[in-house]
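Secondary and tertiary structure notes
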Amino acid sequence: MTDAPDSPGRPRRQAGAAAAFDVAVIGAGAAGMMCAAVAGQRGRRVVLIDHARRLAEKIRISGGGRCNFTNREVGPANFVSANPQFSRSALSGYSPQDFIGLVRRHGIAWHEKHRGQLFCDDSSEQIIEMLRQECNAGQVAWRMPCEVRGILQEPEGYALDTSAGAIRATRLVIATGGMAIPQLGATDFGLKIARQFGLKVIEPRPALVPLTFDAAQWAPFAGLSGMAMEARVRTGGKKSGGDFLEDLLFTHRGLSGPGILQISSYWQPGEPITLDLAPGQSLEADLLAAKQGGRQQVATALGALWPRRLADAWLPAMAGQLPPDFGATRLADAPDRALRALAAGIHGWAITPNGTAGYKKAEVMRGGVDTAGLNQKSMEARAVPGLHFIGETVDVTGWLGGYNFQWAWASGVACGKAV
Ligand code: FDA
C-alpha cells in the first residue's frame, strides 16, 4: 500500500475473516474519491481500492496540469448519452457552485478561462490533495496499489478477492473510469463487472479525440499541419447530432482542436462531418463583389478573404469540382456559378473520417454502463441491489470544458449520499 493512505480506516474484523466494510469503492479517481469522502463523512466504513501506484493520474494531467475542474454552466445538454436526461438528478444535486465552494474551503486559487471553464491557478495536484484530505476526514481506508481479481455477490453484500487480501462490503461502487489513455492504467474493468452482473453496456468508443482520414484523401491538406482556425463543425441529425463553433487544428493525419474533439463524441463511423471553414463570413457575396473590376486571379482573391495557405491547398484539392485551372483564372472571367460552388464548398465541406486517433489520444470514453439499468439518484443497478456505477464508466460523456469532472463529482456525491 503506498502513496495515498494516511488513514487506517475502520474495518470490522471478524475472526479469521475478510476485512469488512459498509462500502467498497473500486477506482480512486475523481468520482471514486468524491464518493468515498461523502460516504465516509456520513459515518460509513469505506475502503477505497485502486490498482495504480500514483493517485488520480487523470486529474494530475488534466487541463494541461491545471485541471479544468468544472464549468460555470452545466446541464444535461452538455452530455452525450443514450438517455441525456439521466444526468439531471445528480447534476442538480451537486452543482458547479457546490464544487467551487469545496475548492474555496481548501484555499485553492482558480480562474475562469473562456466559455465558463474553471481552472486551478497553480496545479491540478491541489485538487488531488483536496480529495485525499476529504477522504481522510471520512476515515476512508486505502488499498493501493491493489488488484481486484474477482467479485462475488453474497447474501449480505460483496466479497472481493484482492491482492491485499479478501474484502467484504455491504455495498460496492465501481468507479474505474473509462478506457482513454491505457498507458495511465485505464481499463475496461467497469464494463466487465457490469456484464458479469447482467447489465447492458452501450458500445464504448474513444471520444474527445482527433479524427483521422484516408491518407490519399488527406494528402492535399497534410501540409497544413499545425494550422488552427475557427470553424463550425456538425454531424448527425437534429436529435442526436452535434454542432460546435470552435477552433480546429490541421494535423498530418487529419483534424484535431477543440471543435473536432467536441464533434468526435457525436460522430458515428461511416458518417461525414460538415465544416463551415469561414463561419460568419459570406464568401459567395464577397467573391462576387470582388469580381466587379477584379483583375486578380481567383486564388489571390480567395487568399485575401481566407487564410492564404488554406486557399493555396484548397483550390487544387477541389479541382474536380471546379472549372479547370480555376485558381489561375482571372476573377473577372470566373463564372458566377463556379464562384458560388467554391464558396458553398468552403461553407459546407462534408468529409468522412476513416476513424479516430484511438484511446491512446482520447480524453474520454463514450458509451459505458447503460443508464437504463441504473437508478439516477443513487447510481445503483436496478437489478443488482448494492452495486453502484459512477463517473466515466457510466454512459454519460461530457463535452470538453470541465463537464466530465462535474459529472464525476456529481455522480460520486449522489452515490456517496445513498450508500
Ligand atoms: P478516473 O479515470 O478519474 O479514475 C478511475 C480510477 O480507477 C483510476 O485511478 C484508475 O487507476 C482506477 N482503475 C482503473 N481500472 C482499475 C482496475 N481494474 N482496478 C482498480 N482500479 C482501477 N475532464 C474535465 O472535466 N476537465 C479536464 O480538464 C480534463 N482533462 C483531461 C485530460 C486528459 C489528457 C484526459 C485523458 C482526460 C481529461 N478529462 C478532463 C477527463 C477526466 O479526466 C475524466 O472524465 C475523469 O477523470 C473521470 O473520472 P472517473 O473517476 O470516472 O475516472
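Each chain carries its own residue numbering, running from 1 in the written order of its sequence. It should be noted that, the model being predicted, local features are given only for residues of pLDDT at least 70 and side-chain atom pairs only at 80 or more, the latter also being counted only at that level, while totals for whole chains, interfaces and linings use all residues. The side-chain quantities take in all heavy atoms of the structure and omit both hydrogens and water.

**Comments concerning unusual backbone geometry**
The step from M144 to P145 runs through a cis peptide bond, and the omega angle for that step is -5°. Residue A56 is not a glycine yet carries a positive backbone phi of 50°. A helix here means a DSSP run of H or I that spans at least four residues, while a strand means a run of E at least two residues long, and both kinds are numbered starting from the N terminus. Secondary-structure assignment places A56 in the loop between β3 (46-49) and α2 (57-61). Positioned with a positive phi, I181 is a non-glycine residue whose angle comes to about 60°. Considering the arrangement of structural elements, one finds I181 in the loop between β11 (165-174) and α6 (189-196).

**Considering the sheet that holds strand β14 (residues 228-235)**
One requirement defines pairing of two strands: DSSP has to find at least two bridges between them. In spatial order, the strands read β18-β17-β14-β15-β16-β13-β19; together these seven strands make up an open sheet with antiparallel pairing. Unpaired on one side and paired on the other, β18 (349-351) and β19 (355-356) mark the two borders of the sheet. One ladder, built from two bridges, connects strand β13 (residues 211-212) with β19; its direction is antiparallel. Along β19, the bridge assignment pairs T212 with G355. Any two residues whose heavy atoms approach within 4.5 Å at even a single point are treated as in contact. Angles run from 0 to 180 degrees between N-to-C directions of axes, and those axes are lines fitted to C-alpha atoms, restricted for helices to the stretch in contact. Helix α12 (residues 336-347) rests against β17 (273-276) and β18 of the sheet, and its axis sits at about 115° to β17.

**Section: the domain arrangement of the protein**
Either an automatic procedure or a domain database provided the assignment from which the domain bounds are taken. Under the domain assignment used here, the protein contains domain 1 (19-206 + 363-418), domain 2 (210-277 + 351-356) and domain 3 (283-347). Relative placement of domain 1 and domain 2: their C-alpha centres are 30 Å apart. With eight residues of domain 1 at the contact, the number on the domain 2 side is 13 residues. Between domain 1 and domain 2, roughly 950 Å² of surface is buried when both sides are summed, and carbon and sulfur atoms account for 46% of that area. Salt bridge, as applied in this entry: a Lys or Arg side-chain nitrogen positioned within 4 Å of an Asp or Glu carboxyl oxygen. Linking domain 1 to domain 2 there are one salt bridge. We note a salt bridge from E246 to R115, for which the minimum N-O separation is 4.0 Å. By definition, the buried area sums, over both parts, the 1.4 Å-probe accessible area that each loses when the two are put together.

**Side note on the side chain of N78**
Residue placement: N78 occurs in the loop between β4 (68-71) and β5 (79-80). A relative accessible area of 11% places N78 in the buried class. Apart from the residues within four sequence positions on either side, N78 is in contact with E73, T397, G398, W399 and Y403. Accessibility here uses a 1.4 Å probe with only protein chains present; expressed as a share of the type maximum, an area under 20% marks a residue as buried, one over 50% as exposed, and anything in between as partly exposed.

**What about the pattern of salt bridges?**
A full pass over the atoms with the stated rule returns 17 salt bridges. One salt bridge in this structure joins E380 and R171, with 3.3 Å as the shortest N-O distance. With E380 in the loop between β20 (364-369) and β21 (387-389) and R171 in strand β11, this residue pair connects regions lying 209 residues apart in the sequence. Residue R171 is classed as partly exposed on the basis of its relative accessible area, which comes to 25%. Close ionic contact of D243 with R232 constitutes a salt bridge, the shortest N to O distance being 2.8 Å. With a gap of eleven residues between them, D243 in strand β15 (residues 242-250) and R232 in strand β14 connect regions that are remote in the sequence. Using a relative accessible area of 39% as the deciding quantity, one classes D243 as partly exposed.

**Re helix α4 (residues 96-105)**
Turning to α4, its buried residues are P96, F99, I100, L102 and V103. One face of α4 carries all of its buried residues, which in axial projection span an arc of 155°. The exposed set on the far side of α4, more than 90 degrees from its buried face, consists of R104 and R105. Among the structural elements, α1 (30-41), β4, β6 (110-112), β7 (117-120), α5 (125-137) and α13 (403-418) are those in contact with the buried residues of α4. Looking at the residues trailing α4, positive phi occurs at G107, about 70°. To obtain the arc, one takes the directions from the helix axis to the C-beta atoms.

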